[in-house]
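Understanding the architecture of this molecule
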Amino acid sequence: MLMRMLKSSRKKVKKWHDARLKSTEFKPRDEVLVFNYRLQLFNRKLRSKWNGSFIVKKMYHLGFLDMVNGKEKNSKSMVKE
């Protein structure tokens with residue numbers, strides 16, 4: 001009985017979260033932020049997890065992005081998740 005209730009609850013929560021997902025389609029010249037997912041211990045606690053303002057240069061198949069740093073004009077490639 002309890003297991004059925006847990007499964008039902010999980011399905012409801014998943015449905016609720018899935019309904020709020022937004023698709024992220026980028027186009028060339030869009031300005032984006034990049035999330036730094038690496039855990040950095042003992043480094044400034046209040047440091048932002050979002051890196052720079054990047055400009056999408058080209059979008060490839062399967063979510064690969066070529067980006068250029070807006071300030072320094074450095075190129076960077078990423079995979080959209």
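Quantities reported herein were computed from a predicted structural model and do not represent experimental measurements.

Attention shifts here to the nonpolar core. Nonpolar side chains tend to gather and get buried jointly when the protein is soluble and globular. The biggest cluster of nonpolar side chains holds six residues, and these are Val32, Val34, Phe54, Val56, Leu65 and Met67. Of all the secondary structure elements, the ones that give two or more residues to this core are strand S1 (31-35), strand S2 (50-59) and strand S3 (64-69).

Where nonpolar side chains cluster on the molecular surface, the patch consists of Leu2, Met3 and Leu6 and spans about 320 Å² of accessible area. For Met3, the location among the structural elements is in helix H1 (residues 2-19). For Met3, a relative accessible area of 56% translates into the label exposed.

Using the criterion set out here, one finds one salt bridge in the structure. Note that Asp18 is salt-bridged to Lys14, the shortest N-O span being 2.8 Å. Here the residue Asp18 and the residue Lys14 both occupy positions in helix H1, the gap between them amounting to four residues, near one helical turn.

One face of the sheet, then the other: side chains in a regular strand alternate in exactly this way. Here S3 lies mainly inside the structure; five of its six residues are buried. Of the strand pairs in this sheet, S2 and S3 are connected by five bridges, and their pairing is antiparallel. Counted as the bridge partner of Val56 is Met67 from S3. In this antiparallel pair of consecutive strands, S2 and S3, the connection spans four residues, and Leu62 shows a positive phi of 70°.

Conventions used here
- Counting restarts for each chain: residues are numbered from 1 in the order of the written sequence.
- Where local features are concerned, this predicted model is filtered to residues with pLDDT of at least 70; where side-chain atom pairs are given and counted, the filter is 80 or more; whole-chain, interface and lining totals use all residues.
- Calculation of side-chain values draws on the structure's entire complement of heavy atoms; hydrogens and water are dropped beforehand.
- Buried residues of nine kinds, namely Ala, Val, Leu, Ile, Met, Phe, Trp, Tyr and Cys, make up a nonpolar core once their side-chain atoms join them within 4.5 Å.
- Per-residue accessibility, obtained with a 1.4 Å probe over protein chains only, is compared with the maximum for each type, and a residue is labelled buried under 20%, exposed over 50%, and partly exposed between these values.
- The secondary structure listing takes helices from DSSP runs of H or I that are at least 4 residues long and strands from runs of E that are at least 2 residues long, numbered from the N terminus.
- Like-charged residues within 9 Å of one another, or nonpolar side chains (Val, Leu, Ile, Met, Phe, Trp, Tyr) within 5 Å, are grouped into patches, provided each residue has over 30% relative accessible area and no salt bridge.
- Each accessible area is a Shrake-Rupley result for a 1.4 Å probe, and residues are judged covered by the shown protein chains and nothing else.
- A pairing counts as a salt bridge when a side-chain nitrogen of Lys or Arg comes within 4 Å of a carboxyl oxygen of Asp or Glu.
- By definition, two strands form a pair when at least two bridges between them are found by DSSP.

In short, shape yes, function no, at least from these values alone.
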